[in-house]
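A look at the structure
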Amino acid sequence: MHALIVYCHPNTESFSKAVLEQVVTTLNHQQISFDVIDLYEDDFQPVLTKSELDNYLDTAQNQQGIEHHIDALKRCDTLIFIYPTWWYGLPAMIKGWLDRVFVPGVAFRLTEEGAIKPNLQNIKKLAVFTTCGAPRWLSFLMGTPGRKTILRGVRLLCSPWVKTRYAAHYNMDSSTDTSRSRHLKVIERKTRGLCKA
């Protein structure tokens, strides 16, 4: 097993950082190798430029400038996203990472008829660990678009037998030391589950 953790939060003292540290600690205890892409620390540019859009379908051109991200994606069999849910969905940085890195020839292939064929068969496990300011009921009322984008959309590009994990700390704005500590135990358990799945 080799994991790729895609981490996204601008505040280095956030609870999301504590989630990342818990995942890293658990993977180390399980002796699992991993890479971490910290999008803010790497100053990742999430905006798809006009030239990138013009070259989007050109598999000889569409990977320029993001080779490190693509290599890490191809090397892993486990993909873990850690981010805060903002406005019920993905932060712009994560959405931009998907826009720029999940390009034709990397994440999928296009047939002559325009059908999408999955190209990330190496990914057998997929996880989302997030925080939500809203309560659970409101997040589900809104349709949890971030969760669906990754655990449905990205999942379709992975191995057909991909196993998924999801954990969200709801009511984050009114969280307590107790609720955060309890959630980190959930993260530890779900990460160990990924190692055994």
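Quick caveat: nothing in here was measured; it's all calculated off a predicted structure.

**Digging into the overall build of the protein**
- The secondary structure content of the protein amounts to seven helices and seven strands.
- Its helices and strands in sequence order give the protein the pattern β-α-β-α-α-β-α-β-β-β-α-α-β-α, from N to C terminus.
- The C-alpha atoms of the protein give a radius of gyration of 17 Å, which matches the 16 Å a tight globule of 197 residues would have.
- For the protein, the spread of C-alpha atoms along the principal axes amounts to about 55 × 35 × 30 Å.
- Buried positions account for 47% of the 197 residues belonging to the protein.
- Across the protein, contacts joining residues at least 24 apart in sequence account for 80% of those joining residues at least 6 apart.
- For the protein, the accessible area works out to roughly 10200 Å², and carbon and sulfur atoms hold 51% of it.

**Observations concerning the confidence of the model for the protein**
- When pLDDT is averaged across the protein, the result is 94; 99% of the residues are at 70 or more.
- The spread of mean pLDDT over the elements of the protein runs between helix α5 (residues 136–141), the lowest at 89, and strand β3 (residues 78–85), the highest at 98.

**Brief notes about the packing of aromatic side chains**
- Evaluation of the coordinates by the stated rule reveals three aromatic pairs.
- The positively charged end of R147 is found above the aromatic ring belonging to Y166, 4.0 Å away from the centroid.

**Topic: the packing of helix α1 (residues 15–29) against helix α7 (residues 177–196)**
- Where α1 meets α7, the closest approach of the two axes is 9 Å, and the angle between their N-to-C directions is 40°. Considered as vectors, α1 and α7 are oriented oblique to each other. Considering the relative orientation of α1 and α7, their crossing is right-handed. On α7, the residues that touch F15, A18, V19, Q22, V23, T26 and L27 of α1 are R180, H183, L184, I187, E188, T191, R192 and C195.
- Class assignment for the residues of the contact of α1 with α7 results in eight nonpolar, four polar and three charged.

**Some thoughts on the UniProt feature "domain: Flavodoxin-like fold" (unreviewed entry) in the protein**
- Using the residue numbers shown here, the UniProt feature "domain: Flavodoxin-like fold" (unreviewed entry) corresponds to residues 1–136.
- Between the end C-alpha atoms of residues 1–136 there is a gap of 32 Å, over a span that is 29% helix and 25% strand.

**Some thoughts on the side chain of H183**
- Relative to the helices and strands, H183 is located in helix α7.
- Aside from chain neighbours lying at most four places away, what touches H183 is F15, T130, A167, A168 and H169.

**A short note on unusual backbone geometry**
- The backbone of Q31 sits at a positive phi, close to 55°, despite the residue not being glycine.
- The residue Y88 is not glycine, and still its phi comes out positive at about 70°.
- Within the secondary structure layout, Y88 lies in the loop between β3 and α4 (92–101).
- Since its relative accessible area comes to 27%, Y88 is described here as partly exposed.

**Quick word on empty space enclosed by the protein**
- The full count for this structure, using the stated rule, is one cavity of 30 Å³ or more.
- Of the pockets and cavities examined, the largest cavity occupies roughly 80 Å³.
- Residue lining of the largest cavity: 13 residues in total, with T85, Y88, C132, T144 and Y166 positioned closest to the centre.
- The greatest single-element share of the lining of the largest cavity, amounting to three residues, is contributed by helix α6 (residues 145–154).
- A per-class count over the lining of the largest cavity returns six nonpolar, six polar and one charged.

What counts, and at which threshold
- Residues numbered from 1 in each chain as written.
- Predicted model: local features only at pLDDT ≥ 70, side-chain atom pairs only at ≥ 80, totals over all residues.
- Heavy atoms only, no water.
- Helix = DSSP H or I, 4+ residues; strand = E, 2+ residues; numbered from the N terminus.
- Rg over C-alpha atoms; globule rule 2.2 N^0.38 Å.
- Buried < 20%, exposed > 50% of the residue type's maximum accessible area, 1.4 Å probe, protein only.
- Contact = heavy atoms within 4.5 Å.
- Areas by Shrake-Rupley, 256 points an atom, 1.4 Å probe, with all protein chains shown as cover.
- pLDDT = per-residue confidence, 0-100.
- Phe/Tyr/Trp six-rings, centres within 6.5 Å; stacked < 30°, edge-to-face > 60°.
- Lys NZ or Arg CZ within 6 Å of the ring centre and 35° of its normal.
- Axes fitted to C-alpha atoms, helices over the stretch in contact; angles between N-to-C directions.
- Parallel < 35°, antiparallel > 145°, perpendicular 65-115°, else oblique.
- Left-handed = near helix turned anticlockwise from the far one by under 90°.
- Nonpolar A, V, L, I, M, F, W, Y, C, P; charged D, E, K, R; others polar.
- UniProt positions renumbered as here; feature names shortened; annotations may be inferred.
- 1 Å grid on protein atoms, 1.4 Å probe; cavity = no way out; pocket = protein on both sides within 12 Å on 5 of 7 lines; lining within 4 Å.
- Points joined across faces, edges and corners; volume = space filled by probe spheres on them.

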